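Below are the chains, spelled out letter by letter.
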Amino acid sequence: MAKFKFESVKFEQIMSDYATIREVTIPDAVSLNARLLCVELARRTQPFGEEQTSGTIRVKNDIGKIIKNTEQLDEYADRVGSQRIKARLKVLIKSGRFDIVETILRNIGFLNKWTGMEVIGATKMKSVHNEARNKTTGRTKSRGSKLFISSVSEQETYISEVQKRVGISKGGWADCATQLKKVNKGGLLAGFPTWVKKAMKSGSGKVQDMTGDIKNPRVFLTNNVPWASNVIPESEQANATAVVVVKMRNQMNQILKKRQKTLVET
């Protein structure tokens, strides 16, 4: 879960100027820019990049560090110097005699980086993967405690299931945007990539709208996705706010230039 507060007091002068130039109330200005903030927070939430493939590829690579398939095990056999042992390993892998494969690999020192080798099925993949993940970043270690082996089909199925979650944390900010007051003509989800909008889950974001507070109109944005706070560093949250302020200034400059041009023409 990640929570963010956007308030007028923190940006009192620029918010007042923005509201005047845009010809809206300060509460509406808060709502407008809270939506912009949702877009920026989503952009700075992992996986980074405008395309979903950046996240799905990372998922595949991360799982591949921990769980190898039988084809990869066969490739490991190719690294063995002895042609006789290599040929025997390939026959054993093909016939599914992984107990003997483990013994041979252990005897030749190939398993020194691991505590052993274990063949796992679909039911154990999730626990093996989660055990190898960093609790803060969600990224996996460079390798598992054991050399975990699965069938090609079961590994691909598990990877596909995990890839479906890519973008859910970004979607939490998109869900927040849909709950904000619509002030201008544009859609509330403008600026969010299509794949993020598809990944958005109802209830993944929460908005506490306190723009009715005359002294301090503000909005609380909460990304309810459990791991959201792990995939958007505090530095990126600060950057998101800074970008919104810059966008506010740019919008004001554009409006003023347009009005000045209109005055000159008339």
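Residues numbered from 1 in each chain as written. Predicted model: local features only at pLDDT ≥ 70, side-chain atom pairs only at ≥ 80, totals over all residues. Heavy atoms only, no water.

Account for the packing of helix α4 (residues 70-78) against helix α5 (residues 83-95), with residues named and values stated.
With their axes 9 Å apart at the nearest point, α4 and α5 run at an angle of 170 degrees to one another. When the axis of α4 is compared with that of α5, the two are roughly antiparallel. Note on element contacts: α5 touches α4 through Lys86, Leu89, Lys90 and Ile93, opposite Thr70, Leu73, Asp74, Ala77 and Asp78. Looking at the contact of α4 with α5, its residues break down into 4 nonpolar, 1 polar and 4 charged. (Axes fitted to C-alpha atoms, helices over the stretch in contact; angles between N-to-C directions. Helix = DSSP H or I, 4+ residues; strand = E, 2+ residues; numbered from the N terminus. Parallel < 35°, antiparallel > 145°, perpendicular 65-115°, else oblique. Contact = heavy atoms within 4.5 Å. Nonpolar A, V, L, I, M, F, W, Y, C, P; charged D, E, K, R; others polar.)

With reference to specific residues and values, describe the environment of Leu92.
The residue Leu92 is located in helix α5 in this model. Accessibility expressed as a relative area gives 6% for Leu92, which makes it buried. With 18 residues separating them in the primary sequence, Leu92 and Asp74 have C-alpha atoms 9.8 Å apart. Not counting the four nearest positions on each side in its chain, Leu92 is found in contact with Arg97, Ile100, Val101 and Ile104. (Buried < 20%, exposed > 50% of the residue type's maximum accessible area, 1.4 Å probe, protein only.)

Tell me what's going on with helix α6 (residues 98-107), and back it up with residues and numbers.
Note on helix geometry: an α-helix contains 3.6 residues per turn, so any two residues three or four positions apart are oriented the same way. Residues of α6 that are buried: Phe98, Val101, Ile104 and Leu105. Buried residues of α6, viewed axially, fall in a sector of 115 degrees; they line one side. As for α6, its buried residues are in contact with α4, α5 and β3 (117-119). Phi for Gly109, located one or two positions after α6, is positive at around 85 degrees. (Arc of directions from axis to C-beta.)

For the side chain of Glu118, give the residues involved together with the corresponding values.
Turning to its location among the elements, Glu118 is positioned in strand β3. With near-sequence residues (within four places) excluded, Glu118 lies in contact with Lys124, Lys146, Leu147, Phe148 and Ile149.

For the environment of Thr103, give the residues involved together with the corresponding values.
Inspection of the secondary structure puts Thr103 in helix α6. According to the relative accessible area criterion, Thr103 is partly exposed, its value standing at 42%. Spatially, the C-alpha atoms of Thr103 and Met117 are 9.2 Å apart, while their sequence positions differ by 14 residues. Engagement of the side chain of Thr103 in a polar contact is seen with the backbone oxygen of Asp99, the distance being 3.1 Å. (Polar contact = N/O pair within 3.5 Å; in protein donor to acceptor, adjacent residues only side chain to side chain.)

Hey, could you go over the nonpolar core for me, with residue numbers and the actual values?
Core analysis: the largest hydrophobic core is formed by 47 residues, its most contacted members being Phe192 and Leu221. Sort the elements by how many residues they give to this core and helix α2 (residues 26-43) lands first, with 10 residues. Residues Ala77, Val101, Leu111 and Trp114 belong to the second largest nonpolar core, which totals 18 residues. (Core = buried A, V, L, I, M, F, W, Y, C linked by side-chain atoms within 4.5 Å.)

Talk me through the sheet that holds β3; I want residue IDs and the actual numbers.
The strands that make up a sheet pair up through hydrogen bonds in the backbone, lying either parallel or antiparallel. Taken in spatial order, the 3 strands of this open sheet run β2-β4-β3, and their pairing is parallel. The open sheet has two edge strands, β2 (67-69) and β3, and neither has a second partner. Neighbour to neighbour, the strand axes of the sheet diverge by 35 degrees on average, direction disregarded. The sheet contact formed by β2 and strand β4 (residues 147-150) spans 3 bridges and is parallel. Directly across from Lys68, in β4, lies its bridge partner Ile149. Packing against the sheet, helix α3 (residues 53-66) makes contact with β2 and β4, and its axis sits at approximately 85 degrees to β2. Strand contacts of helix α8 (residues 152-163): β2 and β4, with the helix running at about 135 degrees to β2, the strand carrying the most contacts. (Pairing = 2+ DSSP bridges.)

On their own, these measurements won't tell you what the molecule is for.
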